[in-house]
Amino acid sequence: MISFELTEEQELIRDTLNGFARDELAPKAREADESATIAEDIIASGWELGLATTQIPEAYGGAGGDRSPLTNAIILEELGYGCASLATAIMAPTAFIQPLIDFGTEAQKQQYLPLFTGSEFHGASLALQEPQFTFDPVDMRTTAERQGDNWRLNGTKTLIPLGDRASHFLVIARTGPERGLSHIDAFIVARDSAGLTISASTGTQGLHALPMSTLQLDNVQVSADNRLGGDAGIDGRRLINTLRVGAAALSVGVSNAATSYAIPYAQEREAFGEVIGKKQSIAFMLADMYSEVQCMRWMVWQAASALEQRQDATKATTLARNYTNRRALKVVDDALQVFGGHGFIRDLPLEMWLRNVRTLTVLEGPIAA
Amino acid sequence: MIDFTVSEADQKILEQIIAEGRAGEKYTRYYEDNEDEILPEKFAEADDFPSLLKQFATRSPEDTPAATFQMLVIMYRNITAGVTLRQGRGALGNAALSAAGTAEQKAKWGNTILAMSITEPGAGSDTKAITSTAKQDGDEWILNGDKIFVTTGIRCEGVVVWATTDKNLGRAGIKSFVVMKDTPGFDILRKEKKLGIRNSDTAAYSFRDCRIPKENVLGYQPDATANKKAADDGYKGVLKTFNMTRPGVAAGGVGNALGAFKFGSEALADEGIEVDWEAGVHHRTAVQDKLIEIEADNEAAKLSVLRAAWLADKGLSNNVEASISKAKGGEVCRTGPQRIMDLLGGMSVSHDHLVEKFMRDGRISDIYEGTGQIQRLIIARNILELSSAELS
């Protein structure tokens, strides 16, 4: 049955985060971006809201909220409205937690989920991106080879958000020669594993506030117990879809922020004797931006809904990602254009939003829906 | 709860619509080539399919709400290129009658097919520029002027005509009049020849000293003050119908885009060319990339239409969303079929196939019921809080 109706809980979350994003995140975005640091109090305040952890079942000490990619998409859009960098920092553990909930064995859930149910932030990150330009989740270079009771991991992972404070990494690797999302696996790797070298990544164009890490894996031994899902492994499609929906939801938030910022400017800024909003060339850009934010949102919801209903969401996700990637870039880029030269100056957030949305639309997997 | 799935029962109805459309495809080329003919009220094949109304009656109130489902029905109707096997009894003028007519008027003309006649050779979207005049003469109005692009203008039994009672009053001077086909002074000049939707009859009219009774003003009240208010409300009522007709027109355009896509992706699949959803960006061909892009654009437009209708179902304001859906539908009805033809190459223009028809038929959806530019004006005025005088 087709419905765009949020549940009462989703409405409450959206309204709460709407305020949090505007009051707490947005005012701190520029400073975080310029200094390339995430203030501890922001991470703590996000943790207090339980954004990354409420969907951990009660049996593992969590709040027992339903595992809901839709609710997560709504959360991520709102946070993205405030600041995509800070949102990614707050939500980075989700890329470890959600796959654990989705695919973990009972033993894995018992061992790792309680790490995240305390009152203090606990870091754990997904390690997916690799340094080559041809990187794609279907075609990874990091390998996991079975050796008796263990797996041996080799490769390089990079641009891992908040890797500096992660106790564990979920390392995505290929276990066979076949290409495709169905052939990837995930391994829980402790920070102090032998053969694992962690270094800080150089900065990134967008999400610049985020400290990112690079992992060098040289014959890292992982016990078979730490292959996510045990012998059954994971549903690689679902994992990647969850990540892509998450990044797309953040992009919608950034696009909405840029559009909402450009509209009042066009109402006030004068040129040639009238406000620029009265000129069709500007007004039509704004109309398209406003329309696209909605269309992107419905596309993300459709994919998240497929994930929520445990359907194969690969097609819906690919369409949503394809659409939001193109439109989010255009919307934010057009918002910058509305401001003319001011859009190019770092006093205003537009250039930051453009860098952030450019980053979100190419980077695989900083957070999960 | 947010949900985008269609129930099994609804899916059955939609598949029925596709089947009915397919059955009509054998007549399609004939009516493309013989444009002067209009479709019969019913083709024999119509009896093979249960009427939509009967099927609607079986729908559960718990299912997708009615207006939202109606949008899917329109889309599915346009996914095939078949002629309509059963012609409906309603037209745009009937929507105006139900929005702005009095109880007496609805009783009198409710079962009459009424077209809507607003556009003139020199006045399209800018309706206050219409020059057809209405002059009161005792208990009658005298209409004079030329009208074009009247949808269902041949098949209809009567028409709701917009004319100005006083050019100086602008929009406030415009009233709508119900004129029956046999009224002296009312002539059908021609059936228009068009790029697409050729089996939809589009007429040009002339009114020369055409006298109609004063009771034929839409929303007519015997009392003079009440009458003026009724006429004002009537105008607003007619504009309000656009909030539902716009998503409907957008749905038609989206349907054409979906139809071209279905044709194109199936034809390519027959040749072994299909999207590999797992392939990854470096392993997809240009054709696969384009198929994904077209489908994503179609899907976004489709969702914007469903959203606009869903708001109406919920009794919520959908003024802006109706325009968004119309702008998006207008975009994909053009770019969707055009890009599919890129992928099918030279053979896509051949009259051996119906895919070229989707491009011609779809094209109107970005024009009638407000061009894409008019929709953008409406959206922009709303978000910028500007009047039509401030942004036009």
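Everything numeric here is computed off the predicted structure, so don't read it as measured data.

Draft legend 1. Structural context of the domain arrangement of chain A. Residue and element names in this part refer to chain A. Entries for chain A in the domain assignment read domain 1 (8-121), domain 2 (125-232) and domain 3 (236-362). Each of domain 1 and domain 2 has a C-alpha centre, and the two are 22 Å apart. With 23 residues of domain 1 in contact, the opposing surface of domain 2 contributes 21 residues. Together, the buried faces of domain 1 and domain 2 total about 1800 Å²; carbon and sulfur atoms form 68% of this surface. In terms of surface lost to domain 2, no three residues of domain 1 exceed Phe96, Gln108 and Tyr112, which account for 29% of the buried area on that side. Put simply, domain 1 and domain 2 have one salt bridge between them.

Draft legend 2. How the structure looks around the domain arrangement of chain B. Residue and element names in this part refer to chain B. Domain boundaries in chain B define domain 1 (8-79), domain 2 (92-220) and domain 3 (241-384). Of note, the centres of domain 1 and domain 2, computed from C-alpha atoms alone, are 29 Å apart. On the domain 2 side, the residues contacting the seven residues of domain 1 number nine residues. Of the roughly 730 Å² buried between domain 1 and domain 2 on both sides combined, carbon and sulfur atoms contribute 53%. It is Glu32, Glu35 and Ile38 that lose the most area in domain 1 upon contact with domain 2, and together they represent 71% of the buried surface on that side. Inspection of the domain 1/domain 2 interface yields one salt bridge. Residues Glu32 and Arg198 are paired through a salt bridge, measuring 3.9 Å at the closest nitrogen-oxygen approach. Linking domain 1 with domain 2 are three residue pairs in polar contact (both at pLDDT 80 or more), by the criterion used here. Its residues assigned to classes, the side of domain 1 that touches domain 2 shows three nonpolar, no polar and four charged.

Draft legend 3. Layout of the pairing of strand 2 (residues 143-147) of chain A. Residues and elements named next belong to chain A. Relative to strand 3 (residues 150-161), strand 2 is paired through five bridges, and the arrangement is antiparallel. Pairing of Thr143 across the sheet is with Asn154, part of strand 3. Counting the residues in the hairpin turn of strand 2 and strand 3 gives two residues, including Gly148, whose phi is positive at 60°.

Draft legend 4. View of the nonpolar core. Membership of the largest hydrophobic core comes to 135 residues, with the highest contact counts inside it found for Leu79(A), Met91(A), Leu286(A), Trp301(A), Val338(A), Met75(B) and Leu384(B). The dominant element in this core, judged by the number of residues it contributes, is helix 8 (residues 280-308) of chain A, at 18 residues. The contacts of Met91(A), once residues within four sequence positions are left out, are Leu51(A), Ala52(A), Ile75(A), Leu76(A), Leu79(A) and Ile367(A). Counting residues in hydrophobic clusters, the runner-up holds 30 residues, among them Ala95(A), Leu126(A), Met140(A) and Leu243(A).

Draft legend 5. Quick peek at the interface of chain B and chain A. Each partner contributes to the interface: chain B provides 51 residues, whereas chain A provides 53 residues. Summed over both sides, the interface between chain B and chain A buries roughly 4700 Å², with carbon and sulfur atoms accounting for 62% of that surface. Ranking the residues of chain B by area buried against chain A places Ile2(B), Phe4(B) and Glu278(B) at the top, with a combined share of 17%. Here chain B and chain A share eight salt bridges between them. A salt bridge links Glu331(B) to Arg327(A), with the shortest nitrogen-to-oxygen separation between them at 3.2 Å. At the junction of chain B with chain A, the criterion picks out 29 residue pairs in polar contact (both at pLDDT 80 or more). Residue assignment for the side of chain B that touches chain A shows that the elements contributing at least two residues are helix 4 (66-79), helix 8 (286-313), helix 9 (319-344) and helix 11 (372-384) of chain B. The element contributing the most residues to the side of chain B that touches chain A is helix 8 of chain B, with twelve residues.

The rules we used
Residues numbered from 1 in each chain as written. Chains lettered and ligands numbered in written order. Predicted model: local features only at pLDDT ≥ 70, side-chain atom pairs only at ≥ 80, totals over all residues. Heavy atoms only, no water. Domains from an automatic or database assignment. Contact = heavy atoms within 4.5 Å. Buried area = accessible area lost by both parts, 1.4 Å probe. Salt bridge = Lys/Arg side-chain N within 4 Å of Asp/Glu carboxyl O. Polar contact = N/O pair within 3.5 Å; in protein donor to acceptor, adjacent residues only side chain to side chain. Nonpolar A, V, L, I, M, F, W, Y, C, P; charged D, E, K, R; others polar. Pairing = 2+ DSSP bridges. Helix = DSSP H or I, 4+ residues; strand = E, 2+ residues; numbered from the N terminus. Core = buried A, V, L, I, M, F, W, Y, C linked by side-chain atoms within 4.5 Å. Buried < 20%, exposed > 50% of the residue type's maximum accessible area, 1.4 Å probe, protein only.

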